[in-house]
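The primary structure of each chain is shown beneath.
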Amino acid sequence: MLHILLLILKMIGIVLLCILGLLILGIACALFVPVRYRMEAVRKEGEGEGEPPVTVTVKITWLLHFVNVLVRFNGSLFVRARLTLFTLFRLPKKEKRGKAKTDSGKGRKKQEKARQPEQENTVKKSKTTVLESDGTEKNEAGKTVEKEQNQRHLEAQEETAPLDATNNCVNENGEPDAVSEEIPDKKPGFVDKLRAIPKILRSIFEKIKSIFENIQYTIQNICDKIRSVSGTITYYRGVIEGEAFQHSFALCKKELLTIAKSLKPDKFEAALVVGTDDPAATGEILAVCGILYPILGPQVNVVGDFEKKRLEGRVFIKGKLRFFTFVRTAVRIYFNKDIRKLYGLLKKEAV
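Report on the accompanying structure. (Residues numbered from 1 in each chain as written. Predicted model: local features only at pLDDT ≥ 70, side-chain atom pairs only at ≥ 80, totals over all residues. Heavy atoms only, no water.)

1. Things to note about the layout of surface pockets
Here the largest pocket defines a volume of roughly 190 Å³. Looking at the largest pocket, the residues that line it are Arg36, Tyr37, Arg38, Lys59, Thr61, His65, Asp266, Lys318, Gly319 and Lys320. Secondary-structure elements contributing two or more residues to the lining of the largest pocket are strand 1 (35-43), strand 2 (54-62) and strand 8 (310-321). When grouped by side-chain class, the residues that make up the lining of the largest pocket number 1 nonpolar, 3 polar and 6 charged. (1 Å grid on protein atoms, 1.4 Å probe; cavity = no way out; pocket = protein on both sides within 12 Å on 5 of 7 lines; lining within 4 Å. Points joined across faces, edges and corners; volume = space filled by probe spheres on them. Helix = DSSP H or I, 4+ residues; strand = E, 2+ residues; numbered from the N terminus. Nonpolar A, V, L, I, M, F, W, Y, C, P; charged D, E, K, R; others polar.)

Here it is in structure tokens:
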């Protein structure tokens, strides 16, 4: 029995070690195996009308083409992502032939089903039109009778209208209504005006007092803000001049330079033909390229066309990236004591 338990534990340990080894191998591959990229842009003029002048191709691979991404722009965008031989994403998507046939068959059936209710509706409409034609004849006779009754009722109302107008001018007791006259408001006298003068002066004095208080309050707020701003400036100036900031700045500068070196492409080639309407402008472009020759090197070749306006050529870039460089930079910056101290000083609220 004990032998069987030890054997089971041994198998479980072997499985766990295999899983742990696969995890370590995957992490190591993700960190140290580079992601390779390749970009190419070609521009040509004087070709067919349907062909676009610019063609851009970008290809990204990882782990011996285990992951393969292709992006191409040739008048329209094409994107494809593969995992070994299996396509994970594709734009535009492919349409299978079998599905196209089934879709066409389904479309015909749907059209036939849609036609059937339309035919039924036409039959129903024809029946309703017949019934409506019978009903309209009866309704016309009824409408003529109603029109005659309405005309008689209007004539009777016109006869009784003058009598009602005369009765409205008399009360129930037979006496005419008294017209209500508005009593005009009395104008204030000279004594009332003299009594109102102290109130007016008091309100003016209160308004002037409130204006001066507001001005004093705003000036005091501005002075407080100026003091706080000057205090913050002096505080952050002391932080920048301190040792923590200087050491942190040197470390960040060094790490950024290492990242820039890792991002630098391994291969860069450019062959261009440049021409403008003005030969002098073309000569100036070639002069600038000549000045930059020590930086660009022989990989960049620019030829001038002094006869016509033209821009053709090919640009090719090839390089690789490792995630380990970014992870190393992040770990160094995160665990650095000077950067932690600087973060605490910048976060300090007692300024």
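2. Quick look at helix 4 (residues 243-263)
With 21 residues, helix 4 ought to run about 30 Å at 1.5 Å a step, and its terminal C-alpha atoms sit 30 Å apart, in line with that. Turning to helix 4, its buried residues are Ala244, Ser248, Leu251, Glu255, Ile259 and Ser262. Summarising the axial view, the buried residues of helix 4 lie within an arc of 75 degrees, below the 170-degree limit, and thus occupy one face. In helix 4, those exposed residues whose orientation departs by more than 90 degrees from the buried face are Glu243, Lys253, Lys254, Leu256, Leu257 and Lys261. Looking at the buried positions of helix 4, the neighbouring elements they touch are strand 8, helix 7 (323-334) and helix 8 (337-347). (Expected span 1.5 Å × (residues − 1). Buried < 20%, exposed > 50% of the residue type's maximum accessible area, 1.4 Å probe, protein only. Arc of directions from axis to C-beta. Contact = heavy atoms within 4.5 Å.)

3. So, the pattern of salt bridges
Should the charged atoms of two oppositely charged side chains come close, the side chains can pair. In this structure the tally under the stated criterion is 9 salt bridges. Note that Arg314 is salt-bridged to Glu40, the shortest N-O span being 2.8 Å. Separated by 274 residues along the polypeptide, Arg314 in strand 8 and Glu40 in strand 1 bring together distant segments of the chain. Under the relative-accessibility criterion, Arg314 is labelled partly exposed at 33%. A salt bridge links Lys267 to Glu269; the nearest nitrogen and oxygen atoms lie 3.7 Å apart. What makes Lys267 partly exposed here is its relative accessible area of 39%. The exposure class of Glu269 is partly exposed, given its relative accessible area of 30%. Residues joined by salt bridges that share partners form a network here, namely Glu40, Lys267, Glu269 and Arg314. (Salt bridge = Lys/Arg side-chain N within 4 Å of Asp/Glu carboxyl O.)

4. A few points about a positive patch on the surface
Residues Arg36, Arg38, Lys59, Lys318 and Arg322 make up a contiguous surface patch of positive charge. Along the chain, Arg38 falls in strand 1. (Patch = residues over 30% accessible without salt bridge, like charges linked within 9 Å, V, L, I, M, F, W, Y side chains within 5 Å. Areas by Shrake-Rupley, 256 points an atom, 1.4 Å probe, with all protein chains shown as cover. Lys, Arg positive; Asp, Glu negative; His and termini not counted. Charge placed at Lys NZ, Arg CZ, Asp CG, Glu CD.)

5. Some thoughts on the packing of aromatic side chains
Summed over the entire model, instances satisfying the criterion amount to 4 aromatic pairs. Pairing Phe245 with Phe249 gives two aromatic rings, centres 6.3 Å apart and planes at 15 degrees, and the pair type is stacked. With Phe245 and Phe249 both in helix 4 and 4 residues apart, this pair spans about one turn of that helix. The ring centre of Tyr334 lies 5.0 Å from the NZ or CZ of Arg340, which sits over that ring. (Phe/Tyr/Trp six-rings, centres within 6.5 Å; stacked < 30°, edge-to-face > 60°. Lys NZ or Arg CZ within 6 Å of the ring centre and 35° of its normal.)

6. A short note on the sheet that holds strand 6 (residues 267-275)
Spatial strand order, 5-4-3-2-1-8-6-7: 8 strands in an open sheet with mixed pairing. A strand with exactly one partner marks an edge of an open sheet, and here the two such strands are strand 5 (86-91) and strand 7 (300-304). Sheet twist, expressed as the mean angle between neighbouring strand axes with direction ignored, is 10 degrees. When strand 1 meets strand 2, the two strands line up antiparallel, connected through 9 bridges. Paired with Val35 across the two strands is Trp62, which belongs to strand 2. The sheet contacts of helix 5 (residues 279-291) involve strand 6 and strand 7, and relative to strand 7 the element is tilted by about 160 degrees. (Pairing = 2+ DSSP bridges. Axes fitted to C-alpha atoms, helices over the stretch in contact; angles between N-to-C directions.)

7. A few points about the pairing of strand 1
Sheet analysis places strand 1 next to strand 8, joined by 9 bridges and oriented antiparallel. Bridged to Met39 within strand 8 is Ile317.

8. What about a nonpolar patch on the surface?
The grouping of Met1, Leu2, Ile4, Leu5, Leu6, Ile8, Leu9, Ile12, Val15, Leu16, Ile19 and Leu23 at the surface amounts to a nonpolar patch, some 1,300 Å² of accessible area in total. Tracing the chain through its elements places Ile4 in helix 1 (residues 2-32). Given the relative accessible area of 49%, Ile4 is considered partly exposed.

9. Some remarks on the side chain of Thr282
Counting through the fold element by element, Thr282 comes out in helix 5. Setting aside residues no more than four positions away along its own chain, Thr282 makes contact with Val274, Gly275, Thr276, Gly304, Asp305 and Phe306.

10. Structural notes on the environment of Glu40
When its relative accessible area of 26% is taken as the criterion, Glu40 is described as partly exposed. In this structure, the C-alpha to C-alpha distance between Glu40 and Lys59, residues 19 residues apart in sequence, is 9.0 Å. The residues contacting Glu40, other than those within four sequence positions of it, are Thr55, Val56, Thr57, Arg314, Val315 and Phe316. Within the structure, Glu40 has its side chain in polar contact with the side chain of Arg314 (distance 2.8 Å). (Polar contact = N/O pair within 3.5 Å; in protein donor to acceptor, adjacent residues only side chain to side chain.)

11. Quick word on the side chain of Arg80
Turning to its location among the elements, Arg80 is positioned in strand 4 (residues 77-83). Put simply, Arg80 is tucked away with no salt bridge, and the nearest opposite charge, on Glu40, sits 14 Å away. Setting aside its immediate chain neighbours within four residues, Arg80 contacts Asn68, Val69, Leu70, Thr87, Phe89 and Arg90.

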